[in-house]
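# Fold and geometry: a report
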Amino acid sequence: MAHFFRQLSAVVAICCGMAFALPAPQTTNTFTQQRDRMVADQIQRRGVANPRVLEAMRTVPRHRFVPATLQHLAYTDRPLPIGHGQTISQPFIVAYMSEALGVEPAHKVLEIGTGSGYQAAVLAHLARVVYTIEIVPELARRAAATLKELGYTSVHVREGDGYAGWPEQAPFDRIMVTAAPDRIPQPLIDQLRAGGRMVIPVGAAEQWLTVVEKTATGVVQRRTIPVRFVPFTRGRAG
Ligand code: SAH
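Everything numeric in this text was worked out from a predicted model, so none of it was measured. (Residues numbered from 1 in each chain as written. Predicted model: local features only at pLDDT ≥ 70, side-chain atom pairs only at ≥ 80, totals over all residues. Heavy atoms only, no water.)

### Considering the pattern of salt bridges
Here the structure, examined in full by the defined rule, presents 10 salt bridges. Residues Arg-141 and Glu-138 are paired through a salt bridge, measuring 3.5 Å at the closest nitrogen-oxygen approach. Pair noted here: Arg-141 and Glu-138 are both in helix α6 (residues 137–149), with a separation of three residues, about one helical turn. Note that Glu-168 is salt-bridged to Arg-158, the shortest N-O span being 3.4 Å. Note that Glu-168 is positioned in the loop between β5 (155–159) and β6 (172–177) and Arg-158 in strand β5, a separation of 10 residues in sequence. A residue is classified by how much of its surface remains accessible, and Glu-168, at 55% relative accessible area, is exposed. Each of the salt bridges in this network shares a partner with another, and the network as a whole consists of Glu-138, Arg-141 and Arg-142. (Salt bridge = Lys/Arg side-chain N within 4 Å of Asp/Glu carboxyl O. Helix = DSSP H or I, 4+ residues; strand = E, 2+ residues; numbered from the N terminus. Buried < 20%, exposed > 50% of the residue type's maximum accessible area, 1.4 Å probe, protein only.)

The structure is reproduced here in structure tokens:
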């Protein structure tokens, strides 16, 4: 009899243990797990290895940068619409471009094409300060609000045509462009520090992600992978 009760209490203990071990999963845990999986399956598996980039991709809450109705798709392997005909890039592309940019902690970075603000948040984990320009006013406002809510105080958002860069803050150590022009805007090359680097999708029908290195004597360009970005549009001033 005593044996039976000992067994029964063991069963109860196990059941209770399970009950305590299985609280309703927190939404944030779910998103954290989805991010870890995204990094392992979509990003590391395809060869991105920079530990700082991987950590940033594990940290930034991508679901906060997509429309509420699409949050369940935030960590899937694709770009998503963010309104005004624009998209947040596929996670792999964000990671690939961030690695290609070779950002160091002391760097001052310029991004053209804020969109949702997601790429800017990733860059904020890698650099000292990030300046980002968005041509669609509503997107610029929304991205600034999201970044503020999440505490990204080192990101500065400006509304306008990024063709002209951000002369008041130049030169930049790194420049990332996330919309595709037919050719590289000269003001962006001018605002790159000597020894600096730019990553930019270039082309119309066929686009190539291009890495531009600025040396003391000129500019060296290297094509990397074929990509598909929204077009780089021009404001009325251009
Ligand atoms: N980096 C963004 C995705 C960019 S989509 C993110 O992480 O969500 C490309 C963005 O570039 C769009 O929002 C588009 O409006 C913007 N864009 C296009 N041409 C531009 C220009 N000339 N200056 C600034 N932004 C531009």
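### Structural notes on the site of the ligand
Taken together, 26 residues sit near the ligand, with Ser-116, Glu-134, Asp-161, Gly-162 and Thr-233 positioned nearest. In this structure, Ser-116 approaches the ligand through a side-chain N or O atom, which is 2.6 Å from an oxygen atom. The separation between a nitrogen atom of the ligand and a polar main-chain atom of Thr-233 is 2.6 Å. Relative to its unbound accessible surface of 580 Å², the ligand loses 99% to contact with the protein. Mapped by element, the contributors of at least two residues to the shell around the ligand are β2 (86–88), β3 (108–112), α5 (118–126) and β4 (129–134). Looking at which element gives the most residues to the shell around the ligand, the answer is β2, with three residues. In terms of residue class, the shell around the ligand is made up of 11 nonpolar, 12 polar and three charged. (Near = heavy atom within 4 Å. Polar contact = N/O pair within 3.5 Å; in protein donor to acceptor, adjacent residues only side chain to side chain. Areas by Shrake-Rupley, 256 points an atom, 1.4 Å probe, with all protein chains shown as cover. Nonpolar A, V, L, I, M, F, W, Y, C, P; charged D, E, K, R; others polar.)

### Digging into the layout of surface pockets
Rolling a probe over the atoms, with the probe sized like a water molecule, indicates the empty space that remains. Looking at the largest pocket, its volume works out to about 550 Å³. Counting only elements with at least two residues in the lining of the largest pocket, the list comes to β2, α4 (91–101), β3, α5 and β4. The element that contributes the greatest number of residues to the lining of the largest pocket is β2, accounting for three residues. Residue classes in the lining of the largest pocket are distributed as 17 nonpolar, 14 polar and four charged. (1 Å grid on protein atoms, 1.4 Å probe; cavity = no way out; pocket = protein on both sides within 12 Å on 5 of 7 lines; lining within 4 Å. Points joined across faces, edges and corners; volume = space filled by probe spheres on them.)

### Section: the pairing of strand β7 (residues 192–202)
A regular strand places its side chains on the two faces of the sheet in alternate fashion. The pairing of β6 with β7 spans four bridges and is classified as parallel. Bridge pairing in β7 links Ile-175 to Met-198. Where β7 and strand β8 (residues 207–214) come together, six bridges link them in antiparallel fashion. Residue Met-198 lies in a different strand from β8, and its bridge partner there is Val-212. The hairpin turn running from β7 into β8, its antiparallel successor, is four residues long, and Gly-203 in that turn takes a positive phi close to 130 degrees. (Pairing = 2+ DSSP bridges.)

### Let's talk about empty space enclosed by the protein
Across all of its chains, the model carries one cavity of 30 Å³ or more by this definition. Here the largest cavity defines a volume of roughly 30 Å³. Along its surface, the largest cavity is lined by Asn-50, Arg-52, Val-53, Ser-98, Glu-99, Gly-102, Val-103 and Leu-126. For the lining of the largest cavity, the secondary-structure elements that each account for two or more residues are α3 (51–59) and α4. Partitioning the lining of the largest cavity into residue classes produces three nonpolar, three polar and two charged.

### Section: the confidence of the model for the protein chain
Scored by pLDDT, the protein chain comes out at a mean of 91, with 87% of its residues at no less than 70. Taken together, the stretch residues 4–19 has pLDDT below 50 and engages in zero contacts with residues farther than four places along the chain or on a different chain. (pLDDT = per-residue confidence, 0-100. Contact = heavy atoms within 4.5 Å.)

### Section: the environment of Val-66
Tracing the chain through its elements places Val-66 in the loop between α3 and β1 (80–83). Separated by 22 residues in the primary sequence, Val-66 and Ile-88 have C-alpha atoms spaced 7.6 Å apart. In contact with Val-66, other than residues within four places in its own chain, are Gln-71, Ala-74, Leu-80 and Ile-88.

### A closer look at the packing of α4 against α5
Their axes nearest at 11 Å, the elements α4 and α5 cross at an angle of 40 degrees. With respect to each other, α4 and α5 are oriented oblique. Judged by the sense of rotation from one axis to the other, the crossing of α4 with α5 is right-handed. On α5, the residues that touch Val-94, Ser-98 and Leu-101 of α4 are Tyr-118, Gln-119, Val-122, Leu-123 and Leu-126. Within the contact of α4 with α5, the residues separate by chemical class into six nonpolar, two polar and no charged. (Axes fitted to C-alpha atoms, helices over the stretch in contact; angles between N-to-C directions. Parallel < 35°, antiparallel > 145°, perpendicular 65-115°, else oblique. Left-handed = near helix turned anticlockwise from the far one by under 90°.)

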